[in-house]
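Coordinate inspection notes
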Amino acid sequence: MTELRTCKDFCKYLSDYLDGQMSADQRRLIEEHLRKCAPCELVFRSLKLTVDICCRAVSDEIPEDVASRLRAFLREHCGKDEVT
Amino acid sequence: MRPEYEKRHNGDRQTVTRVLEGDFTAFETLVEKYQGRLFRHLRKMVGDNQQAEDLLQETFLSAYRGLKGFTGNSSLSTWLFKIATNNALMFLRKHRPELIEYADEIKVDLDYPFLTASPEFADSPLEILLSREGREQIEQAIEALPLIYRTVIVLRDVEGFSLQEVSEITDASITAVKSRLHRARSAVREALASYYMEKDLSS
């Protein structure tokens, strides 16, 4: 991993940091930097917010007609096949 | 393995065993459980409801026919999403090859993210970000991403798969997944930040 020195370096690893992909030392460096650097803290906060809202924004509801056609399709086609 | 994950994982394996013993109702239980998430994933990949529906049907039919090939090494959801992803990629290669050929192009300023780090976005309350209009913005920002980035962010941040699982589903290395995810998240962040900055200026 590149040495963490400039804001650019830190921002490069914020996504990995969010995913818990950093060592304890690297985590500590990032956290220290975020406490001191307001612009990076803002980038981090908005990146974290992006991740948090993505999972809540896109519905996984399936329209009833799509589900019902799927059921009919599978009943028709799977009945003819053995599970292999 | 996390206890909740293990419980779900074992539950699915028991249901799969019943399907393999000839219980079609058990298969319908699995279909009901995963149809919504798979439909969402396919819609995001191909960008078209009708095509996503056809691919959803193909995905479950392939899964049923190949169920003995499910070894249980990965979770059933990972296995199903891999089938769906491969079906969608095959379709796109045939009908929309340009989406795959130019997949590497992504417009995002990774060097200077500060320019678009707006407090208007970061400090917006969740009820605004997740209002109907807010959700549309998020969907649009995700849909604007090139295919490989869109696929990774949907699998990781929308579907909640681990990096390892995303790597299995997309047949990409963990390093590639992490890099794509970083770029995808940055691009979505940038799009949302710009939207809320402009919205604030015009209000």
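Keep in mind that what you see is a predicted model, and the values were worked out from it rather than measured.

1. Some words on the overall build of chain B
Along its length, chain B carries eleven helices and zero strands. Across chain B, every contact between residues at least 6 apart in sequence was considered, and the portion connecting residues at least 24 apart equals 69%. Per element, the accessible surface of chain B, about 9900 Å² overall, is 48% carbon and sulfur.

2. Some remarks on the packing of aromatic side chains
What characterises a pair of aromatic rings is the spacing of the ring centres plus the angle enclosed by the ring planes. All names here are of chain B. Within the structure shown, the criterion is met by nine aromatic pairs over all chains. Taking 5.9 Å as the distance between ring centres and 40° as the angle between the ring planes, the aromatic pair formed by Phe-24 and Phe-27 counts as tilted. Of the two residues, Phe-24 and Phe-27 both sit in helix 2 (residues 24–46), three residues apart, roughly one turn of that helix. Overall, Phe-24 belongs to the partly exposed group, its relative accessible area being 22%. Taking the centre distance of 5.7 Å and the plane angle of 20° together, the rings of Phe-121 and Tyr-196 count as stacked. With a gap of 75 residues between them, Phe-121 in helix 6 (residues 119–122) and Tyr-196 in helix 11 (residues 174–202) connect regions that are remote in the sequence. For the pair formed by Phe-121 and Tyr-196, the shared burial category is buried. Three or more aromatic residues joined by ring pairs form one cluster here, namely Phe-24, Phe-27, Phe-60 and Tyr-64.

3. A short note on the packing of helix 4 (residues 38–57) of chain A against helix 11 of chain B
Geometrically, a packed helix pair is captured by the angle between its two axes and the distance between the axes. Direction vectors running N to C along helix 4 of chain A and helix 11 of chain B enclose 100°, while the axes themselves pass 9 Å from each other. Viewed along their axes, helix 4 of chain A and helix 11 of chain B adopt a mutual orientation that is roughly perpendicular. Residues Val-43, Ser-46, Leu-47, Thr-50, Val-51 and Ile-53 of chain A of helix 4 of chain A lie in contact with helix 11 of chain B, whose contacting residues are Arg-185, Ser-186, Val-188, Arg-189 and Leu-192 of chain B. Of the residues assigned to the contact of helix 4 of chain A with helix 11 of chain B, the class counts are six nonpolar, three polar and two charged.

4. What to know about helix 4 (residues 76–95) of chain B
Its 20 residues give helix 4 of chain B an end-to-end C-alpha distance of 29 Å, which sits within 8% of 28 Å, the value for a rise of 1.5 Å per residue. Along helix 4 of chain B, 14 of the 20 residues are buried, which leaves the element largely enclosed by surrounding structure.

5. Let's talk about the environment of Leu-47 of chain A
Mapped onto the elements of the fold, Leu-47 of chain A is located in helix 4. The buried category is assigned to Leu-47 of chain A, whose relative accessible area is 3%. As for Leu-47 of chain A and Leu-14 of chain A, which are separated by 33 residues in sequence, their C-alpha atoms are 8.0 Å apart. Ignoring any residue separated from it by four or fewer positions in sequence, one finds Leu-47 of chain A in contact with Leu-14, Ser-15 and Leu-18 of chain A together with Arg-185, Ser-186 and Arg-189 of chain B.

6. Here's the deal with helix 8 (residues 132–143) of chain B
Between its first and last C-alpha atoms helix 8 of chain B spans 16 Å; for twelve residues at 1.5 Å apiece the expected length is 16 Å, and the two agree. Looking at helix 8 of chain B, one finds that the buried residues are Gly-134, Gln-137, Ile-138, Glu-139, Ala-141 and Ile-142 of chain B. Packing partners of the buried residues in helix 8 of chain B comprise helix 4 of chain A together with helix 2, helix 7 (126–129), helix 9 (147–158) and helix 11 of chain B.

7. Focus on the pattern of salt bridges
Throughout the structure, instances matching the rule amount to 21 salt bridges over all chains. Across the salt bridge formed by Arg-69 of chain A and Asp-65 of chain A, the nearest N and O atoms sit 3.5 Å from each other. Here Arg-69 of chain A pairs with Asp-65 of chain A, and both are found in helix 5 (residues 64–78), just four residues apart, close to one helical turn. Where salt bridges share partners, they join Asp-19 of chain A together with Arg-156, Asp-157 and Arg-185 of chain B into one cluster.

8. A word on the interface of chain B and chain A
Interfaces are often sized by the accessible area lost when the parts come together. Between chain B and chain A, the contact holds 53 residues from the first and 42 residues from the second. Regarding the contact of chain B and chain A, the summed buried area is about 4500 Å², with carbon and sulfur atoms giving 67% of it. Across the pair Asp-123 of chain B and Arg-45 of chain A runs a salt bridge, and its minimum N-O distance is 2.5 Å. The interface formed by chain B and chain A contains ten residue pairs in polar contact (both at pLDDT 80 or more). At the level of elements, helix 1 (3–20), helix 2, helix 3 (49–65), helix 6, helix 7, helix 8, helix 9 and helix 11 of chain B are the ones that each hand at least two residues to the side of chain B that touches chain A. The biggest single contributor to the side of chain B that touches chain A is helix 2 of chain B, with eleven residues. Residues that form the side of chain B that touches chain A fall into these classes: 28 nonpolar, eight polar and 17 charged.

9. What to know about the confidence of the model for chain B
Residues and elements named next belong to chain B. Scored by pLDDT, chain B has a mean of 89; 89% of the residues are at 70 or more. Mean pLDDT values for the elements of chain B range from 75 in helix 5 (residues 97–101) up to 97 in helix 3. For this predicted complex, the interface score ipTM comes out at 0.88, alongside a pTM of 0.89.

The rules behind these values
Residues numbered from 1 in each chain as written. Chains lettered and ligands numbered in written order. Predicted model: local features only at pLDDT ≥ 70, side-chain atom pairs only at ≥ 80, totals over all residues. Heavy atoms only, no water. Helix = DSSP H or I, 4+ residues; strand = E, 2+ residues; numbered from the N terminus. Contact = heavy atoms within 4.5 Å. Areas by Shrake-Rupley, 256 points an atom, 1.4 Å probe, with all protein chains shown as cover. Phe/Tyr/Trp six-rings, centres within 6.5 Å; stacked < 30°, edge-to-face > 60°. Buried < 20%, exposed > 50% of the residue type's maximum accessible area, 1.4 Å probe, protein only. Axes fitted to C-alpha atoms, helices over the stretch in contact; angles between N-to-C directions. Parallel < 35°, antiparallel > 145°, perpendicular 65-115°, else oblique. Nonpolar A, V, L, I, M, F, W, Y, C, P; charged D, E, K, R; others polar. Expected span 1.5 Å × (residues − 1). Salt bridge = Lys/Arg side-chain N within 4 Å of Asp/Glu carboxyl O. Buried area = accessible area lost by both parts, 1.4 Å probe. Polar contact = N/O pair within 3.5 Å; in protein donor to acceptor, adjacent residues only side chain to side chain. pLDDT = per-residue confidence, 0-100.

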